[in-house]
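A structural walkthrough
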Amino acid sequence: MAATAVLLSVRAISQAGMPNAPDLLRAASITVLVAAAATVNVRIRIRATTHGVSWTEVAVLVGLAVAPIPWVIIATGLGTGIVRVLSRLAPLKLAFGVAKETTLAAIGGIVLTLAGWTWPMAGSLDRAVWTLVMTYLIVVVLDEALALPTIALDTRTRVRDLFREHLDLRLASAAARFLVIIATLLLLNSNPTFLIVVPPLALSLHLAYSSRIHSRLERDAWQRLARTTDALNVVDLDKVLTTAVTQAAELFSADEVEIALREGDRTVRGAAGTLTYDGPADRSSAVGGSVTEVRLEGHNRTVDVGTLRLRFRGPVRLSEREQYTLRTFASALCTAVRNAQAYAELARVADEHAYAATHDALTGLANRRHLLEQGREQLNARHVDGVTALVLIDLNHFKEVNDTLGHAAGDQVLRQVADRLRGAAQGDDLVARLGGDEFAVLLRGLPAPAVAAHRAEALLAALHEPLELDGMRISVEASGGIAVAPASGGVAELLRRADVAMYQAKRAGQRLSTYAPARDTADLGRLTLGGELPRAVAGHEFTVNFQPIVDLGTGEVTSAEALARWHHPVHGMIDPLRFLEAVERSGLLPAFAEAILDQALIAADSWRTAGFDLPVAVNVSPRSLLDARFPGSVLARLRAHDLPPDRLVLELTETLTLSQLDVVDRVLTRLRDEGVRLALDDFGTGYSSLSLLSRIPVHELKIDRSFVSAMESSAEASAVIRSTLDLGRSLGLTVVAEGVESEPQRRALWEAGCVSGQGHLFGRPVPAGTLLSTMHRGFGGRPGVLAPPLHDTGAVLRLPPSRRQGGRGRSERLPHLPA
């Protein structure tokens, strides 16, 4: 188009005859004017290309208005060409710029000719101005229509984004340039002498526009930098790198951004909005041209995590402001990468610890803890998942392998056995090593109990083939026991039954045996123990261990619970679960209760003498509460040991019959009236918690250990605990949590408002003398304290005493609550 316009212009000039001196002088003046207007521009870099916004159309339209159009077209091409040659532009950019301006000059001349434009301006001034407005608008619109798509193609930018960029300033600049055109033509038409004011006016407008553009660019750059650095504040390294490369491409108008990390030999590349490469550093970039590189280092330059590179397809030199922005961005990126790497390392270590806590280090199988956790979850959901069963497998004569070939060989055998069991198990099965040569497989979702035997046979069959061990073939024999999940007792009972079945198989010389209640020697043993009770009571074989109850906030011992044990001369220490039922059925309950109570009160008196005035809690059988003589016996024992009644806490278990018998109400009321404290044990696990609480005048509630152990994983358990605490606060009752075994449980209970707790975290049940020694020794040199405090002194509120409704007794002190 430009070439055609130039050829037609040359032809028109030649047809008009030899040009005279005034025509040549006017053409030279317009050429100089166009060159000067093209020189004064605002330069904006988009990626590797720098684009200028000049005042060329002002000079061109003024020339078209006052001079012959052919001369102006040729002068426009010459003026813009001279400036671009002196600017050393690339040939393609030079040709495009000259052609565009020449074409616009030709189109402007055509519009003026069609509009009947004459110079000097004659006739109506309004008509002349509207003609200039129309011509200027057409030239400006065509200029944008030719320039924007070309820039978009060259820089891989959307035309819409380029059009919107600084649109308000471009419109204001276009209006100002048009005013300069009108002013210049009016001055030339009336008195050319006044043209002296036009250059200063045009220069002032140009400087104002240039200043606004650069201020806008700086403001936008800092805002983008702030948004980009904020977006880097994540702990996922992949997100940090993706955000960095995509945002930096827009921030610095780069064709590609590359981040090379020193750790892991990882390189990430991307352009605006897209990630193009993420992998090893040995693959080179496809973007050629200039590269600006900066190290990713902290402010003190002691830490270097990698390198940030900006790639441009052509030669680019960053401005001073861009260089400072780049250093600021690199510092922020260094911090973000270090934080993300540190977080990833912490997460990796935490995952390793979590894995190690639930898996066997030798075989990689689940350990006993993980098996119990998974079994507990499975039994809670078994009504949905079908039948649950457990297969316990024990290697026969494994000790001979260790003794003959050494422990290293034994470890190899255990690993190979683990691999075979893992391969024979199905997808939902959990294979675990319980310790030594004992393995377990939790079978989940079985369609019927009988399927467990078939699955167990397949597991043992996997061990039938000899094992390869350092060139030797070793046969491994194993015995297995199967148990289907019981209706009650949980995973511990399931494991016990599988163990019983396994030893039944060993004794019978069988590979596999299924649990049968009739052959459970443990249950039969309870019957034999019942016949030995008279001798045990008479021979003082029943002893008492004490578990401390502590203030969860301070770690200070506040009381202790007495727990009965039977020191059997043959079977050793027997847990109360095995003999309490037999005691209650026999006629020895009163003598047993007095023996336990005596030992508990003796211990409390010894602690009091040693300076630890602690209440002692004793569990009471529901059958004892049916004896009207029970309160008198308790009070007599208190007097015998010279202990105040409030130093004794009687713990009552939840039983439906308690709330149905008036004799129980009378017994408990007398005990409370005499000052003995009452506690409702295992609160929330019975059938009538609230009805019992409304009838029995207790002082304390004890949250059952099953809720405490499940509070971190069960929303229902947490809800029960919160409800119990709220109930205790509203009724003025002390609430004690049982089974506290970890610091997270302790802190969660304390933050929920629970003051007291007991569990293995603070101490296991021990004899009275051992507990006294432990309290003397204390924690951190503080006698009577068994755990570090959760808060500093003064960070806890002690609420004033409140009274239970209904006048059931004297006021009770509420637990310490977090301030």
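Residues numbered from 1 in each chain as written. Predicted model: local features only at pLDDT ≥ 70, side-chain atom pairs only at ≥ 80, totals over all residues. Heavy atoms only, no water.

**Description of helix H1 (residues 2–15)**
Where we set the bar: Note on conventions: DSSP H or I runs of at least 4 residues are helices, E runs of at least 2 residues are strands, and numbering of each starts at the N terminus. Multiplying one less than the number of residues by 1.5 Å gives the expected span of a helix. Relative accessible area decides the class of each residue, using a 1.4 Å probe on protein chains only: under 20% of the type maximum gives buried, over 50% gives exposed, and in between gives partly exposed. Note that the arc is computed from the directions linking the helix axis to the C-beta atoms. Only heavy atoms enter the contact rule, under which two residues are in contact if any of them lie within 4.5 Å.
A rise of 1.5 Å per residue sets the reference length of H1, with its 14 residues, at 20 Å; its end C-alpha atoms lie 20 Å apart and thus fit the reference within 8%. Listed in full, the buried residues belonging to H1 are Ala2, Ala5, Ser9 and Ile13. One face of H1 carries all of its buried residues, which in axial projection span an arc of 70 degrees. Facing away from the buried side of H1, by more than 90 degrees, are the exposed residues Ala3, Leu7, Leu8, Arg11, Ser14 and Gln15. Tucked into the core, H1 has its buried residues touching helix H4 (69–86) and helix H5 (91–114). Once H1 ends, the next one or two residues include Gly17, with phi positive near 105 degrees.

**A word on unusual backbone geometry**
Despite not being glycine, Asp642 shows a phi value in the positive range, around 55 degrees. With respect to the helices and strands, the residue Asp642 is situated in the loop between helix H22 (630–640) and strand S19 (648–653). With relative accessibility at 62%, the residue Asp642 sits in the exposed group.

**Details of the sheet that holds strand S8 (residues 387–396)**
Sheet strands associate in pairs through backbone hydrogen bonding, adopting either a parallel or an antiparallel arrangement. Filter applied, for reference: In this scheme, strands are said to pair when DSSP sees at least two bridges between them. Fitted lines through C-alpha atoms serve as axes, helices being fitted only where they are in contact, and the angles separating the N-to-C directions of these axes extend from 0 to 180 degrees.
The strand order S9-S10-S8-S13-S14 describes an open sheet built from five strands, whose pairing is mixed. Of all the strands in the sheet, just strand S9 (430–435) and strand S14 (512–514) have a single pairing partner and so form its edges. Recorded for the sheet is a direction-independent mean angle of 20 degrees between the axes of neighbouring strands. Pairing between S8 and strand S13 (residues 477–484): eight bridges, direction antiparallel.

**Concerning a nonpolar patch on the surface**
Put simply, the rule is: The patches reported here contain residues having more than 30% relative accessible area and no salt bridge. Joining distances are 9 Å for like charges and 5 Å for nonpolar side chains (Val, Leu, Ile, Met, Phe, Trp, Tyr). Only the protein chains shown count as cover for residues, and the accessible areas themselves come from Shrake-Rupley with a 1.4 Å probe. The term salt bridge refers to a pairing of a side-chain nitrogen on Lys or Arg with a carboxyl oxygen on Asp or Glu at a separation within 4 Å.
Residues Leu78, Ile82 and Leu86 make up a contiguous nonpolar surface patch of about 320 Å² in total accessible area. With respect to the helices, strands and loops of the structure, Leu78 is situated in helix H4.

**Description of helix H28 (residues 768–777)**
Where H28 is concerned, the buried positions are Ala768, Leu771, Leu772 and Met775. Down the axis, H28 shows its buried residues gathered within 100 degrees of arc, on one side only. Summarising the contacts, the buried residues of H28 are in contact with strand S15 (542–551), strand S16 (557–568) and helix H21 (589–609). In the stretch just after H28, Gly778 is the one whose phi turns positive, near 65 degrees.

**Side note on the side chain of Glu258**
Filter applied, for reference: Between N or O atoms, a polar contact is any pair within 3.5 Å; within protein, one atom must be a potential hydrogen donor and the other a potential acceptor, and residues adjacent in sequence are included only when both atoms are from side chains.
Within the secondary structure, Glu258 sits in strand S3 (residues 256–261). We classify Glu258 as buried; its relative accessible area is 4%. Within the structure, the side chain of Glu258 is placed 2.5 Å from the side chain of Arg269, a separation counted as a polar contact. In this structure the side chain of Glu258 is engaged in a polar contact, spanning 2.6 Å, whose partner is the side chain of Arg309.

**A word on the packing of aromatic side chains**
The condition is simple: Pairing of aromatic side chains requires ring centres within 6.5 Å, counting the rings of Phe and Tyr and the six-membered ring of Trp. Pairs whose planes differ by under 30 degrees are stacked, by over 60 edge-to-face, and all others tilted.
Scanning the model with the defined rule gives three aromatic pairs in all. With a centroid separation of 5.0 Å and 85 degrees between ring planes, the pair formed by Phe542 and Phe592 is classed as edge-to-face. Of the two residues, Phe542 is situated in strand S15 and Phe592 in helix H21; the sequence distance between them amounts to 50 residues. Classification of Phe542 by relative accessible area gives buried; the value is 6%. Ring centres of Phe546 and Trp607 lie 5.1 Å apart, and the angle between their planes is 80 degrees; on these two criteria the pair is classed as edge-to-face. Here Phe546 is found in strand S15, whereas its partner Trp607 is found in helix H21, with 61 residues between them in sequence. The exposure class assigned to Phe546 is buried, which follows from its relative accessible area of 2%.

**Here we look at the nonpolar core**
Note the following rule: We call a set of buried Ala, Val, Leu, Ile, Met, Phe, Trp, Tyr and Cys residues a nonpolar core when their side-chain atoms join them within 4.5 Å.
Phe546, Trp607, Leu648, Leu650, Val698 and Leu749 are the most contacted members of the largest nonpolar core, which totals 73 residues. It is H21 that provides the largest number of residues to this core, a total of nine residues. In this structure, Trp607 is in contact with Phe546, Ala560, Phe612, Leu614, Ala768, Leu771, Leu772 and Met775, ignoring residues within four places of it in sequence. Grouped together as the second largest cluster of nonpolar side chains are 33 residues, Ala65, Ala75, Leu112 and Val139 included.

**Here we look at the confidence of the model for the protein chain**
As a reminder, the rule being used: Note on scores: pLDDT gives the predictor's confidence for each residue, bounded by 0 and 100.
Confidence along the protein chain averages 80 in pLDDT terms, with 83% of residues attaining 70 or more. No element of the protein chain has a lower mean pLDDT than strand S25 (residues 817–818), which averages 36, and none a higher one than strand S23 (residues 756–757), which averages 96.

**Here's the deal with the pairing of strand S22 (residues 734–737)**
Defined as follows: Seen with its strands pointing away from the viewer, a crossover is right-handed when the path leading from the first strand over the helix to the second is clockwise.
The two faces of S22 match: Thr734 and Val736 on one face and Val735 and Ala737 on the other face are all buried. In the sheet, strand S21 (residues 700–703) pairs with S22 via four bridges, with the strands oriented parallel. Paired with Leu701 across the strands is Val735, a residue of S22. One ladder, built from two bridges, connects S22 with S23; its direction is parallel. The residue of S23 that forms the bridge with Ala737 is Gly757. A crossover links S22 with its parallel partner S23, the connecting element being helix H27 (residues 743–751), and its sense is right-handed.

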